[in-house]
Amino acid sequence: MANNNIGTTSATYTDVTRTNIRTLSKGISAQIAKAKFIAIDTEFTGLVISNASRVFNLKTTEWVTRAIDMREKYRAMSNIAKTHALVAMGLSTFSTRHTRPGSYNVHNFNFLLQSQNSHLINPSSISFLAETGFDLGRQATKGIRYFSGPNPKPVEVKTASINEEGLLIRKVFLDIVRAGVPLVIHNGLFDLVYLYQSFFGPLPDTYESFVFDLSEMFPGGIYDTKIIAEKETPQSASYLAYLFHKSERLQKQRLDRGEPALAIKLKDSLVRGSSEPKVCCRQLLPDHPSPKPYCESFAQRGNCRYGSQCFRSHDINFILDCQEKEAAAEEEENSGTRIVEASVESNTRDKKRKRDDEMDAAGSDSPYKISRTDTVDDLQKTVATVAIDGLAAEKQDVTVSTPPEESKEANGSDPLRLPDELPLNMYHTAAYDAFMTGYIFASYRLVLEDKMSDYKNKVYIMGSDNPLLIQAGLYARTSVTYHQTMRLMNAATAEAAEPSAADADHQQTTA
């Protein structure tokens, strides 16, 4: 059992590797079958092709994942998924706990993976994983070995254990498909592409067939929490860690007001194991909100070009504390301004009335000058303890550069520095990201109720204002891969449902 303690919620998860997947397989399948919805997240070796060797003879126009045209984008993403590999998959199952809304039992699983296909590794992606605590050495020795793409059965190799590992991890994904419940992602189009290629079969040639396949594979719908956040709170940040901690606060506020709120019970993991380091980055809230003691770039986008060398806080909870205080101060200032304006307006009417009376009595004009003074004191400069949350907000390449020299304060004190005891390599797991994704979805589901259906089968597309609609096209058809894999899956389901000969004999004897 491993533990991530970031912010207020401590999430346990079962660490699944090549050494225990056989033992845990039935338990994982049971939790998937009971789930009301499933959240998923992955880590992989590349998002783009950059500075590729000429020996590969790549046509760069076919690898532009930021292409505007969806067909070109899909072709590029498909090329990436076929030449790179998954290294981890996070799975979070949310099953009903009580009859009241928002009550869930949650099981989290972190699958460490090792592709047996030769594949490319993007330097930025692998650096990002290493910097956030991903153990590449452990992945090489403990990762579940699998072959991606071939269908209907994985490649047969001489080592029986590798064959079994590949079949078991593929079964996990097929169990998710078989469950038919909502699948929840966060900015997860690439996750879907990688998962399809790795555990379902070769990606379809066309974007239309891929989308059609997804609509058939997940009848419960695919929900992208980034889409929901950007539509419901368009002026707010929408990266994963920010939304998670914001959702935590929203649910606490609902509970304090006596409204229905999430009741999440994190179930014990299926196996005991080593614990990952706990991360606790809560800070004291400064007395004054300016100058901002947190990194505004990280607060807005979940990324900072200075990375761990940034002098300002990346702690999401601390950022939210500060933003709440900023909002309160702004409201107080606006309220004060409204009071002053109302007072001035009232005084103006009184004085005008008095002036008119005097003009009527004396027949002369008496000038009045009205001056307005500020009602809010200037905000003093403050400093705050600096901490790093360490959670990656989005799956993207992170460029770390040396921050500019910061001058000493006027009083001669040193500029802000990171505490020596603060761990810079905070473990970033796919399981915890999956749990945060599921928690955000559960929070929105409780708040929006029937309105959630508006977000079914809409997936965020980077660089586009419009989502990808997961639906059957007018002239589209499901792919050959879909038909082959579903036929295999249905046959396996039927075989598992048939009683064995021994069971049949036992039933006859009992009768």
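Residues numbered from 1 in each chain as written. Predicted model: local features only at pLDDT ≥ 70, side-chain atom pairs only at ≥ 80, totals over all residues. Heavy atoms only, no water.

Engineer: Honestly, the pairing of strand 3 (residues 37-44) in this entry has me stumped. Any pointers?
Structural biologist: A regular strand places its side chains so that they alternate between the two faces of the sheet. Here strand 3 lies mainly inside the structure; eight of its eight residues are buried. Residue alternation in strand 3 divides its side chains into two sets, Phe-37, Ala-39, Asp-41 and Glu-43 and Ile-38, Ile-40, Thr-42 and Phe-44, and both sets are buried. As paired elements, strand 3 and strand 4 (residues 86-96) share eight bridges and run antiparallel to each other. Pairing of Thr-42 across the sheet is with Met-89, part of strand 4. (Buried < 20%, exposed > 50% of the residue type's maximum accessible area, 1.4 Å probe, protein only. Helix = DSSP H or I, 4+ residues; strand = E, 2+ residues; numbered from the N terminus. Pairing = 2+ DSSP bridges.)

Engineer: Explanation requested: the pattern of salt bridges in the structure shown.
Structural biologist: A side chain of one charge can pair with a side chain of the opposite charge if their charged atoms are brought near each other. Within the structure shown, the criterion is met by eleven salt bridges. A salt bridge links Arg-178 to Asp-175; the nearest nitrogen and oxygen atoms lie 2.5 Å apart. On the criterion of helical spacing, the pair formed by Arg-178 and Asp-175 is a turn pair, its members being three residues apart in helix 5 (residues 160-179). The partly exposed category is assigned to Arg-178, whose relative accessible area is 35%. A salt bridge links Lys-451 to Glu-232, with the nearest nitrogen and oxygen atoms 3.1 Å apart. Of the two residues, Lys-451 is situated in the loop between helix 12 (430-448) and strand 10 (458-459) and Glu-232 in helix 8 (residues 225-232); the sequence distance between them amounts to 219 residues. Using a relative accessible area of 23% as the deciding quantity, one classes Glu-232 as partly exposed. (Salt bridge = Lys/Arg side-chain N within 4 Å of Asp/Glu carboxyl O.)

Engineer: Any chance you could explain the side chain of Gln-114 here in plain terms?
Structural biologist: Looking at where Gln-114 falls in the secondary structure, it is placed in strand 5 (residues 103-115). Engagement of the side chain of Gln-114 in a polar contact is seen with the side chain of Gln-116, the distance being 3.1 Å. Among the polar contacts made by the side chain of Gln-114, one reaches the main-chain carbonyl oxygen of Ala-140 at a distance of 2.9 Å. Setting aside chain neighbours within four positions, we find Gln-114 in contact with Arg-18, Gln-139, Ala-140, Gly-143, Ile-144, Arg-145 and Tyr-146. (Polar contact = N/O pair within 3.5 Å; in protein donor to acceptor, adjacent residues only side chain to side chain. Contact = heavy atoms within 4.5 Å.)

Engineer: So what exactly am I meant to see when it comes to the packing of aromatic side chains here?
Structural biologist: Two aromatic rings, taken as a pair, are described by how far apart their centres are and by the angle between their planes. By the definition in use, this model includes 24 aromatic pairs. Measuring from centroid to centroid gives 4.8 Å for Phe-37 and Phe-441, while their planes differ by 65°, and the two rings are edge-to-face. Separated by 404 residues along the polypeptide, Phe-37 in strand 3 and Phe-441 in helix 12 bring together distant segments of the chain. Exposure class is identical for Phe-37 and Phe-441. Each is buried. Ring centres 5.8 Å apart and planes at 40° place the aromatic pair Phe-44 and Phe-190 in the tilted group. Residue Phe-44 is located in strand 3, and its partner Phe-190 is located in helix 6 (residues 189-200); the two are separated by 146 residues in the primary sequence. Comparing Phe-44 with Phe-190, the two get one shared label, buried. Taken together through their ring pairs, the aromatic side chains of Phe-37, Phe-94, Tyr-104, Tyr-223, Phe-244, Tyr-432, Phe-435, Tyr-439 and Phe-441 make up a single cluster. The side chain of Lys-226 reaches across the aromatic face of Tyr-460, ending 5.1 Å from its centre. (Phe/Tyr/Trp six-rings, centres within 6.5 Å; stacked < 30°, edge-to-face > 60°. Lys NZ or Arg CZ within 6 Å of the ring centre and 35° of its normal.)

Engineer: Looking at this structure, I do not really get unusual backbone geometry. What am I missing?
Structural biologist: Backbone geometry follows two general trends: most residues other than glycine have a negative phi, and most peptide bonds adopt the trans configuration. Positive phi, close to 50°, is recorded for Asn-187, a residue that is not glycine. Tracing the chain through its elements places Asn-187 in the loop between strand 7 (183-185) and helix 6. At Glu-449, a position not held by glycine, the phi torsion is positive, near 55°. Residue position: Glu-449 is located in the loop between helix 12 and strand 10.

Engineer: How should I be thinking about the confidence of the model for the protein chain in this particular structure?
Structural biologist: Any segment with low pLDDT has predicted coordinates that should not be analysed in fine detail. With 69% of its residues at a pLDDT of at least 70, the protein chain reaches an overall mean of 76. Low pLDDT (under 50) marks residues 4-8, which in the prediction has 20 contacts with non-local residues, meaning those over four places away or in another chain. Within the model, pLDDT remains below 50 along residues 355-427, and this stretch shows 154 contacts once partners closer than five positions in the same chain are excluded. (pLDDT = per-residue confidence, 0-100.)

Engineer: Just checking my understanding: could you explain the packing of helix 2 (residues 70-83) against helix 6 for this structure?
Structural biologist: Two packed helices can be described by the angle between their axes and the distance between those axes. For the pair helix 2 and helix 6, the least separation of the axes is 9 Å and the interaxial angle reads 50°. For the element pair helix 2 / helix 6, the angle class is oblique. Helix-helix and strand crossings are classified by hand; for helix 2 and helix 6 the assignment is right-handed. Contacts between helix 2 and helix 6 involve Met-70, Met-77, Ser-78, Ile-80, Ala-81 and Lys-82 from the first element and Leu-189, Phe-190, Val-193, Tyr-194 and Gln-197 from the second. When the residues that make up the contact of helix 2 with helix 6 are grouped by side-chain class, the tally is eight nonpolar, two polar and one charged. (Axes fitted to C-alpha atoms, helices over the stretch in contact; angles between N-to-C directions. Parallel < 35°, antiparallel > 145°, perpendicular 65-115°, else oblique. Left-handed = near helix turned anticlockwise from the far one by under 90°. Nonpolar A, V, L, I, M, F, W, Y, C, P; charged D, E, K, R; others polar.)

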